[in-house]
Amino acid sequence: MIELVRPTVDLADSWWTMVDAFGAEVIHGSSLRAEDRGRLRDPAVFAVWVDWLVEQARDDVELPEGRVPSSYRWVVDADRVVGTVALRHALNPALLVVGGHLGYAVEPGFRRRGVATAAVRLALSMASARGLDRVLITCDPDNVASARTIERVGGRLEDERAGSCRYWVPTGL
Ligand SMILES: CC(C)(COP(=O)(O)OP(=O)(O)OC[C@H]1O[C@@H](n2cnc3c(N)ncnc32)[C@H](O)[C@@H]1OP(=O)(O)O)[C@@H](O)C(=O)NCCC(=O)NCCS
């Protein structure tokens, strides 16, 4: 059963197994920057980073320029981290064009099993609980897997801006 779990050091081993499986691929919705992958292997540094991920959900937290409060979740299947989801609580002008409310990724070896569909559905419930009646999801025009996932959860294409397809998805609120 797919669950969305708040980032926790308890899942560190599983998290790094997933990160390694992505190789050089960007992990959407993880907030993990390529340049930080090395230093975060230190458990103490990782613990601080995990706390920071969780902190960013607070609407009163001070964030770097251009960032909005966000809920990060790890997609877990039977105690194994297999993906990531980020729910941005609000849109700023940049996210309204590219980025949207939701970012997500599934580890390559776990794709095409419905993991993203289940995870995005759970993220839509989180958005609904936060009072959002619809969320914006954007994806590259050639990202068939993401476009299909968005359509599976009820997304409707609004338009294409700055080379990104923009879909609105009702949350069920
Ligand atoms: C996009 C992504 C999250 C999809 O994850 P997933 O767990 O494989 O998705 P699902 O198994 O839930 O599949 C959802 C739908 O997409 C379809 N799909 C998935 N991968 C596909 C592919 N490579 N080509 C065509 N269709 C694909 C599935 O068949 C399914 O549609 P269906 O139910 O009509 O058959 C995954 O491919 C990924 O992590 N990609 C890289 C990161 C990314 O692009 N994130 C989104 C940023 S906008």
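Here, every reference points to the structure presented above.
Residues numbered from 1 in each chain as written. Predicted model: local features only at pLDDT ≥ 70, side-chain atom pairs only at ≥ 80, totals over all residues.

### Notes on the site of the ligand
Residues in close proximity to the ligand total 19 residues, the closest being R111, A116, T117, A145 and R148. Looking at the shell around the ligand, the elements with two or more residues in it are β4 (102-106), α4 (115-129) and α5 (144-152). Here the shell around the ligand gets six residues from one element, more than from any other, and that element is α5. Here the shell around the ligand is built from residues that sort into eight nonpolar, six polar and five charged. (Near = placed C-beta within 6 Å. Helix = DSSP H or I, 4+ residues; strand = E, 2+ residues; numbered from the N terminus. Nonpolar A, V, L, I, M, F, W, Y, C, P; charged D, E, K, R; others polar.)

### Focus on the environment of W16
Note on placement: W16 falls in helix α1 (residues 12-22). Taking the C-alpha atoms as reference points, W16 and V81, separated by 65 residues in sequence, lie 8.9 Å from one another.

### A closer look at the nonpolar core
Counting residues in hydrophobic clusters, the biggest one holds 35 residues, and the most contacted among them are V75, V85, L102, A119 and A123. Here this core gets six residues from one element, more than from any other, and that element is α4. (Core = buried A, V, L, I, M, F, W, Y, C linked by C-beta atoms within 7 Å. Buried ≥ 20, exposed ≤ 12 C-beta atoms within 10 Å, placed from the backbone.)

### So, the sheet that holds β4
Pairing is antiparallel across the open sheet formed by four strands, whose spatial order is β1-β2-β3-β4. Of all strands in the sheet, those bounded by a partner on one side alone are β1 (2-5) and β4. The sheet shows a mean angle of 25° between the axes of neighbouring strands, taken without regard to direction. Note: strand β3 (residues 80-88) against β4, five bridges, orientation antiparallel. Following the sheet pairing, V85 is matched in β4 by Y104. The sheet strands contacting α1 are β2 (70-77) and β3, and the helix crosses β3 at an angle near 85°. Strand contacts of α4: β1, β2, β3 and β4, with the helix running at about 40° to β3, the strand carrying the most contacts. (Pairing = 2+ DSSP bridges. Axes fitted to C-alpha atoms, helices over the stretch in contact; angles between N-to-C directions. Contact = placed C-beta atoms within 7 Å.)

### Considerations on the environment of G29
Following the sequence through the fold, G29 ends up in the loop between α1 and α2 (43-55). Sequence separation between G29 and A12 is 17 residues; the distance between their C-alpha atoms is 17 Å.

### Points about the sheet that holds strand β6 (residues 156-161)
To summarise the sheet geometry, strands pair through backbone hydrogen bonds and adopt either a parallel or an antiparallel arrangement. Taken together, three strands build an open sheet; the order of strands is β5-β7-β6 and the sheet is antiparallel. Each of the sheet's edge strands pairs with one partner strand only, and the pair in question is β5 (134-139) and β6. The mean inter-strand angle of the sheet, taken between neighbouring strand axes irrespective of direction, is 25°. Inspection of the sheet shows β5 paired to strand β7 (residues 164-170) by six bridges, in the antiparallel sense. Looking at β7, one finds that L136 is bridged to W168. Each of β5 and β7 is contacted by α5, which is oriented at about 165° to β5, the strand it contacts most.

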